[in-house]
Amino acid sequence: MRKIVITGGLGYIGMELSKIYSGVTQKDSVTVIDREFFSSRVSQLRRWGINFEQIDILDKEKLQPLIKDADIIFHLAGITNVGATLGDKNIQRDREVRKVGIEGTRNVIKLSEDNTKIIFPSTHVVFEGLEKTIKNIDEKFEPKPLLEYALGKTTSEEDLKQSNKNYVILRLGSVYGKSNDSMRINIMPNLFSKITSLNGEIRLFGGGKQLKSLVSVTDVARCMQFVGDNKEIEKEIFHCTNEAMTVKQVAEICKKINKKLTLVSTNDDIPNNGYTLSNTKLKNNGFAFLYNLEEAVGEIYESWRQKNNVIGNEIIEIGKDNYEDDRGLISNYYFDDFINMIGYVDSTKNSVRGNHYHPIQTQNCLLIKGKYISVTKDLLNDSSKVETRLVKEGELSTIPPNVAHTMVFLEDSILLNLVNGEREHSNYGITHTNKYNLVGEELASILIENYKTNCRVCDSEELIPYLSLGLSPLANNLTTKKNNNEDVYPLELNFCDNCSNSQLNIVVPPEKMFDEYLYLSSTTEVFQKHFSNLASKLKKDLNLNKNSLVVDIGSNDGIFLSPLNELGINSIGVEPAKNIARAANSKGLKTYSEYFDRKTVNKIIKTHGKADVVSAFNVFAHNDKLKEIRDNTSLLLKNNGQFIFEVQYILRTLEDLTFDNIYHEHVNYWCLTSLQYFFKNSDMKIYKVEEIDTHGGSIRVYATKNKSKKLSPSVGRMLKKEKDFKLDKLDTYHKFAFKVEKIKKDSLAKINTLISEGKSIIGYGAPAKATTILNYFGLNETHFKFTIDDNKLKQGKFIPETQIQIKGSDDIDSDRYDYVLVLAWNFFETIVTKNKNNFRTAKFIKLK
Ligand SMILES: [Zn+2]
C-alpha cells in the first residue's frame, strides 16, 4: 500500500488530482491537507475515499505525522492569487506568499523521509524577467524571476534541487479549465469564457499580442500522476504546457463560440510580449496531452451560461451521475453544505405545507414520491414576484434563506427535508422558521384545480418554467370601485421542450373571464380596417358569395361579420360574452351567445348547413380547449372548407420583448413549429401562413381538410426562420426572460426618477396589456393617478389592483401634465399624432 499526500488539495488543481487518485483509494491511502475548509469539496473527497486533514503547512507539529512516511507528496500548497504586474504589488500579501511558498516547501522537504518522492508545481512565470520574446524555452534555460511569486517558486526549486529528495518539478503554463468543484476565474482563459457566456466585452490590452503558454487543469493533474507514478522519472524538471498562443487568439476562440461577444483592442502597456515553453522533454518521456483550449472554453461557457439562466427563487435539480442496470437506478444528489438532519415528510393530496421562511437556513427537499406545486417569493427583494413551479418525483428543490415558500400537493407525496442547521423547535418563530402567508385557501384551491402539468398541445410533461410575471389580476376585468380586492392568479409561462409551445401554467376558468367582456374590437379603427381588408381578400381568393357560409368564432361585436355582411357574404358569429353578443345582434349581425362547443356546432349545422370558412381571430390563443375547437371546426367545415385563424406570433413577442401581451386570456403562445404539432394528428393541415402586424405581431394561418392541397412555400420559409431563431431551444426563452427583467428594472428606475423630480405623469390607454405590465412592475396610483381611454365602457373604472382610474379625454385638463405614459404602446405613433396638440406641455413616453 502506498501512502499519497496532496497538500493544498482543496484548490483548483488539487481537486482535479484528487479525482484521479480517487480511483486507487481501495489499495492506497490518499490524504489531502489544506488549511481551508470548503464543505462541498471536503464531502466530495470523503465520497472518493480520500482522508482530509485541515492543517496549515506551516504547522510542523501537525504536518510531521501526516507526511513522514509518505511515498509520494504532491506539494500544491501555496497562494497563487498574486500580483500580476510590478504595479500590483502588495507587501503584506507578498510576504505571505513568500512565507507559505518557501517555508512550506522547506517543511515538506525536512519532515519527509529520504525516499519520499515530492512533486512540485512551479510556474512558467519564473521566466517573466526575460527582456525579449523567446519561444520554446527548454528546461536548461536559466530562470529569470522578477516578482515575489516567481521568486518564491525559484527558491523552492533550488531548495528541492539541493535536498537529497527524489523531486520532480513541473513548470506549468497558465492553467485553464473547469476543475471538479472550482473554477479559478482570475485565469485569463477562464475569465474570458465567463465574459463570453455573458455576451460581454473582452478588452485586449496592447492588442492582445502577449504570448502565453497554456495547459488544461485536467492535463496538469494527469501529468502529476504520470510523473508521480513513473518510477523511472526522478530528480527532473519538466515544462508542462500544451498550447502556445496570444491573448488575442484565445479571445478569438471565445468569439467563435459566442458571436455576441465583443472584442476591444486597447493600446495600454503590457508588462512584456510574453514567451513560450517547450514541452518536448515531457513528451519524449511518454506523456500525451489530451485536452485543448477550445473544448475547455466551450465547457466553461456552458457552465456559466447555465448559471446565468437560473432565474427564480428556487433551484430544481435532478440526480446526477446515474447508474442503471437490471436492478434499477442509482442517482446522486450533491450538497454544498453538510446535512445534519433528514426529515421524512408524508403529505396527502391537496394538502398545503409551508407558508413560512427560514431566516438563516437553506432548505433542500428531495421528492421521493408524488407531485407538488412549489410557490415561492424572495422576501429580500422588494420587486420580486410570487413564482410557482411543479416539482416532480426525483427532483431536488433548493430554497435559499429568506425566500418564503409553500407546497401545494397535487398527489399523495413523500419528501425528504434535508437541512443543515439548528433543530431546536424552541427557536421556531425566531431564527429557525417564521410564518409568511403566501398561499391562502383560495389560491391553494385555484392551484389545485387549474395547474397544468402536461402540454396542452402535445401532452408532453416536459414543461419548463421560464418567465414569471407574478400573481396578476384578470387583465380585462376592470373594476368598478377602488380597492376592490380582485382575484389574482399566477401569470407564468412554461416552454414545452417537446413541441416548442409556450403556455400559461394556470388557466383561469373561462366564466370568470368572458361573461362580461369590455374589449370591443370595433372601437379601434386599425382593427376595423384590418378586418374589412381581410373580408375583401377572402372574398376574392376563395370566391365567397351569398351562398357561402363563414362562421367566426369569438366574433366579438362583429368586427369581421360586419364587412362580410356588406360584401353580401352569409356569415354568423359565436361569442360567449353576453353583453358583446347582444351588441352585435342589435346591429343585425347574427351572433350566437355560446361557447364554441359540440352543441353549438350541431345547432349551426342544423340551421345553416356546413361552413366554407371557419375563422378565429385571437381566440385560438384564448382558449384552453384547443383540441375541442379544432375538432369542432373540422366537423363544421365542408370537405374542402378552410379554417383561417390569427394568433399572436411568439417570435415577434421574443424579438420585440412584448411581454405585456401575456395575460390570462392568452393561454397559448404559438409559433408555426408548435402549430404543426397541433395539426399533425387532426384531419386538417396547414397549407399557408402570413405574418401580419396586429397585436404586436401575429400570424394568419390557413388550414384545410383537403389534404391533397398544395403547400405554399410560405410554410417552409417560416419553419426555417423559426429554426434559425432557435425557437425550439429553451435557451432562447431564458434569454428573453432575462431581458424582460432588465426592462422592468430600467423602467422602474426611470419612472421613479421622474417622480422624485416632482414631474406629473398620466397614463394613456387601458388595454389588457396595461394590467400585465403595471402589476408586474408594481406600478399603481402612487406613481400616476389615472389613464385616458376612448372606450366609454372602460371610463370610470379602475385597472385592477393598481387603483389607477380610467378617464375620458374630455374629463381632464390636458395642459397640466409633464409626461403622458402611453400604455397602449403598440399604437404609440398614432396616439402621439392624434394627441400632441391636445397635450401641449407634455412629453409622450413608453414603458419599454
Ligand atoms: Zn408540447
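Residues numbered from 1 in each chain as written. Predicted model: local features only at pLDDT ≥ 70, side-chain atom pairs only at ≥ 80, totals over all residues. Heavy atoms only, no water.

Draft legend 1. Representation of the overall build of the chain in the model. Secondary structure assignment for the chain yields 23 helices and 41 strands. Each principal axis of the C-alpha distribution contributes one length, and for the chain these read about 105 × 65 × 60 Å. In the chain, which comprises 848 residues, the proportion classed as buried is 56%. In the chain, the share of contacts with a sequence separation of at least 24, taken over all contacts with a separation of at least 6, comes to 76%. Computed over 115 positive and 109 negative side-chain charges, the inter-centroid distance for the chain is 5 Å. (Helix = DSSP H or I, 4+ residues; strand = E, 2+ residues; numbered from the N terminus. Buried < 20%, exposed > 50% of the residue type's maximum accessible area, 1.4 Å probe, protein only. Contact = heavy atoms within 4.5 Å. Lys, Arg positive; Asp, Glu negative; His and termini not counted. Charge placed at Lys NZ, Arg CZ, Asp CG, Glu CD.)

Draft legend 2. Expanded view of the packing of aromatic side chains. Inspection of every chain in the model, using the stated rule, returns 21 aromatic pairs. With centroids separated by 5.4 Å and ring planes inclined at 45 degrees, the aromatic side chains of Y21 and F74 adopt a geometry described as tilted. Separated by 53 residues along the polypeptide, Y21 in helix α1 (residues 12-21) and F74 in strand β4 (residues 72-75) bring together distant segments of the chain. With respect to burial, Y21 and F74 carry one shared label: buried. Site record: aromatic cluster; members linked through ring pairs are F643, F645, W670, F678 and F679. Directly above the ring of Y687 sits K709, whose terminal nitrogen or CZ lies 4.8 Å from the centroid. (Phe/Tyr/Trp six-rings, centres within 6.5 Å; stacked < 30°, edge-to-face > 60°. Lys NZ or Arg CZ within 6 Å of the ring centre and 35° of its normal.)

Draft legend 3. Representation of the nonpolar core. Core analysis: the largest hydrophobic core is formed by 81 residues, its most contacted members being F659, L675 and L774. A per-element tally of this core places helix α21 (residues 730-756) first, with 8 residues. With 38 residues, the next largest nonpolar core counts I4, I187, C240 and F287 among its residues. (Core = buried A, V, L, I, M, F, W, Y, C linked by side-chain atoms within 4.5 Å.)

Draft legend 4. Inspection of the sheet that holds strand β6 (residues 166-172) at higher detail. Strand order in the open sheet formed by 7 strands is β3-β2-β1-β4-β5-β6-β10, with parallel pairing between adjacent strands. Across the chains shown, the open sheet's two edge strands, defined by having one partner strand only, are β3 (51-54) and β10 (236-240). With direction set aside, neighbouring strand axes in the sheet form an average angle of 20 degrees. Of the pairings in the sheet, the one linking strand β5 (residues 117-123) to β6 comprises 7 bridges and is parallel in character. Along β6, the bridge assignment pairs I119 with V168. Those strands touched by helix α3 (residues 60-67) are β1 (3-7), β2 (29-34), β3 and β4, and its axis lies near 145 degrees from that of β1. (Pairing = 2+ DSSP bridges. Axes fitted to C-alpha atoms, helices over the stretch in contact; angles between N-to-C directions.)

Draft legend 5. Structural view of the coordination of the zinc ion. All of the protein donors around the zinc ion are C455 (SG), C458 (SG), C496 (SG) and C499 (SG); their distances to the metal are 2.2 to 2.3 Å. If you look at the zinc ion, its 4 donor atoms make angles of 106 to 113 degrees with each other, and the shape they trace is tetrahedral. Read in sequence order, the donor residues for the zinc ion give the motif C-x2-C-x37-C-x2-C. In terms of burial, C496 and C499 fall into one category: buried. (Donors = N, O, S within 2.8 Å, 3.2 Å for Na, K, Ca; no water. Tetrahedral: all angles 85-135°; square planar, octahedral: opposite > 155°, others 65-115°.)

Draft legend 6. Examining the packing of helix α16 (residues 598-608) against helix α17 (residues 626-636) more closely. In the contact formed by α16 and α17, the axes pass within 10 Å of each other and the chain directions differ by 10 degrees. Between α16 and α17, the crossing angle belongs to the class labelled roughly parallel. Every pair of crossing elements has a handedness; the one defined by α16 and α17 is right-handed. Judged by residue contacts, R598, V601, N602, I604 and I605 of α16 engage N632, L635 and L636 from α17. (Parallel < 35°, antiparallel > 145°, perpendicular 65-115°, else oblique. Left-handed = near helix turned anticlockwise from the far one by under 90°.)

Draft legend 7. Structural view of the pattern of salt bridges. For the coordinates displayed, the defined rule picks out 35 salt bridges. We note a salt bridge from R2 to D28, for which the minimum N-O separation is 3.0 Å. Taken together, the residues R2 in the segment before β1 and D28 in the loop between α1 and β2 connect sequence positions 26 residues apart. R2 sits in the partly exposed class, given a relative accessible area of 24%. Overlapping salt bridges, with partners in common, bring together K537, D541, E646, K688, E690 and R700 in one network. (Salt bridge = Lys/Arg side-chain N within 4 Å of Asp/Glu carboxyl O.)

Draft legend 8. Spatial organisation of the environment of G208. Relative to the elements of secondary structure, G208 occurs in the loop between β8 (201-204) and β9 (211-216). Note on G208: relative accessible area 2%, which makes it buried. If near-sequence neighbours (up to four positions away) are discounted, G208 is found in contact with T246, V247 and K248.

Draft legend 9. Region of interest: the confidence of the model for the chain. For the chain, per-residue confidence averages 86 on the pLDDT scale, and residues scoring 70 or more make up 93% of the total. Within the model, the stretch residues 82-86 combines pLDDT values under 50 with 10 contacts to residues more than four positions away or in other chains. (pLDDT = per-residue confidence, 0-100.)

Draft legend 10. Quick look at a negative patch on the surface. A contiguous patch of negative charge, built from D459, E461, E462 and D497, is present on the exposed surface. Note that D459 resides in the loop between α11 (441-450) and β25 (463-473). (Patch = residues over 30% accessible without salt bridge, like charges linked within 9 Å, V, L, I, M, F, W, Y side chains within 5 Å. Areas by Shrake-Rupley, 256 points an atom, 1.4 Å probe, with all protein chains shown as cover.)

Draft legend 11. Representation of the packing of helix α6 (residues 188-197) against helix α8 (residues 247-257). Where α6 contacts α8, the axes come no closer than 10 Å and their chain directions differ by 35 degrees. Crossing of α6 against α8: the hand is right-handed. Mapping the contact onto sequence places M188, P189, F192, S193 and T196 in α6 and V247, V250, A251 and C254 in α8. Among the residues forming the contact of α6 with α8, the class breakdown is 7 nonpolar, 2 polar and no charged. (Nonpolar A, V, L, I, M, F, W, Y, C, P; charged D, E, K, R; others polar.)

Draft legend 12. Fine view of the sheet that holds β9. Read across the sheet, 3 strands follow the order β7-β9-β11 without closing on themselves; strand pairing throughout is mixed. Of all strands in the sheet, those with a lone pairing partner are β7 (174-176) and β11 (243-246), marking the two edges. Pairwise comparison of adjacent strand axes, ignoring direction, gives a mean angle of 45 degrees for this sheet. Where β7 meets β9, 3 bridges bridge the pair, whose relative direction is parallel. Note that in β9 the partner of Y176 across the bridge is S216.

Draft legend 13. View of helix α5 (residues 148-162). Between its first and last C-alpha atoms α5 spans 21 Å; for 15 residues at 1.5 Å apiece the expected length is 21 Å, and the two agree. Taken as a whole, α5 has its buried residues at E148, Y149, A150, G152, K153, T154, S156, E157, D159 and L160. (Expected span 1.5 Å × (residues − 1).)

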